[in-house]
Amino acid sequence: MARIVIAWELGEAFGHLARCLRLAEALCRAGHVVALALKEVRLPTAEPITPGITLLQAPLTPQRSISGRHRPVNYADLLGHCGFAEAEPLHARLLAWQGIFSQVRAELLIADHAPTALLAAHLAGILQLNLSNGFAIPPNVRPWPSIRPWEEIDEQSLITAEQRLDRVTGAAQRMLGKMAPAPMRELFGAPPILDTFAELDHYQTRDNGCHVGPIVSIPQARQVSWQSRDGSRVVVYLRPEVPGFIAMLHALAHLDAEVFCVAPGCPPVMARRLATRRLRIALLPVDLSLLLGEADLAVGYGGSGFVTQALLAGVPLLLHPKHVEQMLLARRIEAMGAGRQLEAGSDEAAILTVLQAMLGSLAHQRAARSFSRRHRQFHPEQAIAQARLLIEQRLAGGAQRYVAKPV
């Protein structure tokens, strides 16, 4: 039995929280004592938390808005926009994290996009293990690679970003009495747990880590079905903050297909105005697996959970990413031939044209079905079991020797 902290510090959406919860439940069943230190402590369901799990609020990390002129070039640069720009506030958060570790007497930290917690655990002599869908764990190459491969970014810019990060983290470590500060890349050197498939890893240069497949968690959700047995069917998962949200819904309403759209955060008045007889809009979670099983196309913004669920069902994707993480994933989908990105600034007519082309694309359908066939034996419980094995081997000191079969 071990005392484990699972930390989530940066990033948005339900995926981080779901992943942390499922893993905590599995570790508790195995006899471990688990504390969840989370950026967002509002749980997705009203069900009580599993006995043996302690729920804690993670120290809040400030995030600067990213302007078009100062977009981060790699993960080190991204952290500069997410609380790693100045040493003094970073020092304060390190103390707060160490207080959490002391309170729960942590023996292992599992970091899900939690770089401050990772550094604090290193300074406290606590074992660490990174867990992510890929983006938040840069590969073990020097310098850390560009997160904008579609732009020309020179190597010196990548090196400079990492040096800038290490100056800040070094100063914060010296404030805590660490006279030989550890560079941040050392905290990402051990093989991580990657809860995705190798084809969907955001980085193509990774030579370590174990792809266990998605650790998904679908809350109790309303089951819905298609209204008609004839014609094309499109499943949509969008948020109103996605650029062009209104234009996309208008285009979908004019598509010769039945459309079911899940739009969390959409105001009810707006949803009623945009909905039609063939375009239904849900504001609360629904069981998408039933809909995707009979869908011809999936439309989203590039969230890894929805993307993976669609591909496992053999459904091609049209993606309209908002953040760089989503853009990287969309490029991986395009490289497989299982979907495409919508061009930024597309108007309603252009969106409708792309939707019609996607519904008629046999090549995209074949690529998506090929992905589904390759992973037809996969089940989320398999990913959880493999992740738990890796965690327990890390506790036993054997993480470096374990080699997982890619999924």
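It should be noted that the structure appears before, not after, this text.
Per chain, residues are indexed from 1 in the order of the written sequence. Per-residue local features are limited, in this predicted model, to residues with pLDDT of at least 70; the limit for side-chain atom pairs, both in listing and counting, is 80 or more; totals at the level of whole chains, interfaces and linings are taken over all residues. The side-chain quantities take in all heavy atoms of the structure and omit both hydrogens and water.

### Re the sheet that holds strand 6 (residues 193-194)
- Criterion used throughout: strands pair if DSSP finds at least two bridges between them. By the criteria applied, helices consist of DSSP H or I runs no shorter than four residues and strands consist of E runs no shorter than two, each listed in order from the N terminus. Spatial strand order, 3-2-1-4-5-6-7: seven strands in an open sheet with parallel pairing. The two strands at the open ends of the sheet, each matched to only one other strand, are strand 3 (53-57) and strand 7 (210-211).
- Sheet topology note: the strand 5 (residues 127-132)/strand 6 ladder contains two bridges and is parallel. Note on strand 6: the bridge partner recorded for S132 is L194.
- Contacts are assigned to residue pairs that have any heavy atoms within 4.5 Å of one another. As a rule, the C-alpha atoms of each element are fitted with a line to give its axis, helices using only the stretch in contact, and angles between N-to-C directions run from 0 to 180 degrees. Of the strands in this sheet, strand 1 (3-8), strand 4 (108-112), strand 5, strand 6 and strand 7 are in contact with helix 13 (residues 380-395), which crosses strand 5 at around 160 degrees.

### Points about the environment of L342
- With respect to the helices and strands, L342 occurs in the loop between strand 13 (339-341) and helix 11 (348-359).
- You can call L342 buried: its relative accessible area is 6%.
- Considering only alpha carbons, one finds L342 and V354, 12 residues apart in sequence, at a separation of 7.7 Å. Only protein chains enter the accessibility calculation, which uses a 1.4 Å probe. A residue is then buried if its area is under 20% of the maximum for its type, exposed if over 50%, and partly exposed in between.

### Focus on the environment of V262
- Looking at where V262 falls in the secondary structure, it is placed in strand 9 (residues 258-262).
- Distance in space between the C-alpha atoms of V262 and P285 is 7.1 Å, their sequence separation being 23 residues.
- In this structure V262 touches V236, Y237, L238, A282, L284, V286 and L288, once residues within four positions along its chain are discounted.

### Description of the sheet that holds strand 9
- Spatially, six strands are ordered 10-9-8-11-12-13 in an open sheet, and the strand pairing comes out parallel. The strands lining the two open edges of the sheet, one partner per strand, are strand 10 (279-282) and strand 13. Averaged over all adjacent pairs, the angle separating strand axes in this sheet is 15 degrees, with direction ignored.
- Helix 6 (residues 245-253) contacts strand 8 (233-237), strand 9, strand 10 and strand 11 (297-300) of the sheet and is inclined by roughly 140 degrees relative to strand 10.
- Sheet strands in contact with helix 10 (residues 324-336) are strand 12 (317-319) and strand 13, and its direction is about 140 degrees off that of strand 13.

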